[in-house]
Amino acid sequence: MGMPAEERLGLDVKRAEQLLMAAKHAAVKRAGLTVPQYAALLVLAGNPGISNAALARQCLVTPQASNVVLKNLLERGLIERRPHAWHRQMLETHLTEEGRQALEVADAAAVEIERRIEKAFTPPERDQLRELLARFGRAVSG
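What you see is a predicted model; the values in this text were computed from it and never measured.

Cut-offs used in this document
Residues numbered from 1 in each chain as written. Predicted model: local features only at pLDDT ≥ 70, side-chain atom pairs only at ≥ 80, totals over all residues. Heavy atoms only, no water. Helix = DSSP H or I, 4+ residues; strand = E, 2+ residues; numbered from the N terminus. Contact = heavy atoms within 4.5 Å. Areas by Shrake-Rupley, 256 points an atom, 1.4 Å probe, with all protein chains shown as cover. Lys, Arg positive; Asp, Glu negative; His and termini not counted. Charge placed at Lys NZ, Arg CZ, Asp CG, Glu CD. Patch = residues over 30% accessible without salt bridge, like charges linked within 9 Å, V, L, I, M, F, W, Y side chains within 5 Å. Salt bridge = Lys/Arg side-chain N within 4 Å of Asp/Glu carboxyl O. Buried < 20%, exposed > 50% of the residue type's maximum accessible area, 1.4 Å probe, protein only. Expected span 1.5 Å × (residues − 1). 1 Å grid on protein atoms, 1.4 Å probe; cavity = no way out; pocket = protein on both sides within 12 Å on 5 of 7 lines; lining within 4 Å. Points joined across faces, edges and corners; volume = space filled by probe spheres on them. Nonpolar A, V, L, I, M, F, W, Y, C, P; charged D, E, K, R; others polar. Core = buried A, V, L, I, M, F, W, Y, C linked by side-chain atoms within 4.5 Å.

**Student:** I keep staring at the overall build of the protein chain and nothing clicks. Help me out?
**Tutor:** Each helix and strand counted, the protein chain has 6 helices and 2 strands in total. Reading the protein chain from its N terminus to its C terminus gives the helix and strand order α-α-α-α-β-β-α-α. C-alpha extents for the protein chain along the principal axes are approximately 55 × 35 × 30 Å. Partitioning the contacts of the protein chain with sequence separation of at least 6, the portion at a separation of at least 24 is 49%. Of the roughly 9700 Å² of accessible surface on the protein chain, 58% is carried by carbon and sulfur atoms. Taken together, the 20 basic and 17 acidic charged side chains of the protein chain have centroids lying 3 Å from each other.

Written out as structure tokens, the structure is:
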């Protein structure tokens, strides 16, 4: 084996991500949402009418995965899709009132997690962590 597991930073990052995702999953479940659905509603709230391709990019998923999330949200009445005023083949996506309510419940729970993370670090440590994670990302990208 080329490197012992305890020396692999990628495993530490993966563990932290898994803990975060498990906590977020439990939090947004209160609103009857999955984490991908919550992410989509959060992006849509700030970008009404956004295209599926742009939504997928902002949610860091493929357009195909975004389509599945949108289909589920549409079936539940949390979003509505309608043709763009000028580009009839492009569908605009908007939150419904039910979607806004679900997002409010989920976001309140998700923000609790973010606040716990924030309290674990001083402001300079948070800045340093962001820089270290950015450097990590650049190293991974090559």
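**Student:** What am I meant to see in a nonpolar patch on the surface here?
**Tutor:** Together, V13, I117, F121, L129 and L133 line one region of the surface with nonpolar side chains, adding up to about 360 Å² of accessible area. Classification of I117 by relative accessible area gives partly exposed; the value is 34%.

**Student:** How do you make sense of helix α5 (residues 97–119) when you look at a structure like this?
**Tutor:** Because each turn of an α-helix spans 3.6 residues, side chains separated by three or four positions in sequence point in the same direction. In a regular helix each residue adds 1.5 Å, so 23 residues correspond to 33 Å; α5 covers 33 Å between its end C-alpha atoms and thus fits that length. For α5, the set of buried residues is G99, A102, L103, A106, A109, A110 and I113. Of the surrounding elements, those touching the buried residues of α5 are α1 (9–29), α2 (35–46) and β2 (91–95).

**Student:** Can you walk me through helix α4 (residues 63–75) in this structure?
**Tutor:** With 13 residues, α4 extends 18 Å from end C-alpha to end C-alpha; this agrees with the ideal 18 Å at 1.5 Å per step. Of the surrounding elements, those touching the buried residues of α4 are α2, α3 (52–59), β1 (79–83) and β2.

**Student:** Looking at this structure, I do not really get the environment of L74. What am I missing?
**Tutor:** Within the element layout of this structure, L74 appears in helix α4. Sequence separation between L74 and E98 is 24 residues, and the spatial gap between their C-alpha atoms is 11 Å. Dropping the residues within four chain positions of it, L74 is found in contact with I79, E80 and R81.

**Student:** How should the layout of surface pockets be read in this particular structure?
**Tutor:** Rolled over the atoms, a probe with the dimensions of a water molecule shows which regions are left empty. Each pocket or cavity is described by its volume, and for the largest pocket that value is around 720 Å³. Taken together, 18 residues form the lining of the largest pocket, with A16, L20, I117, L129 and L133 sitting closest to its centre. A total of 8 residues in the lining of the largest pocket trace back to one element, the largest contributor, which is α1. When its residues are assigned to classes, the lining of the largest pocket shows 12 nonpolar, no polar and 6 charged.

**Student:** Explain the nonpolar core here, please?
**Tutor:** Most often, soluble globular proteins keep nonpolar side chains buried together rather than apart. Of all hydrophobic cores here, the largest spans 23 residues; its most connected members are L33, Y38, L41, L44, L55, L73 and I79. If you list the elements that add at least two residues to this core, you get α2, α3, α4 and α5. The element that contributes the greatest number of residues to this core is α2, accounting for 6 residues. With near-sequence residues (within four places) excluded, L33 lies in contact with V28, Y38, L41, L73, R76, L78, A102 and A106.

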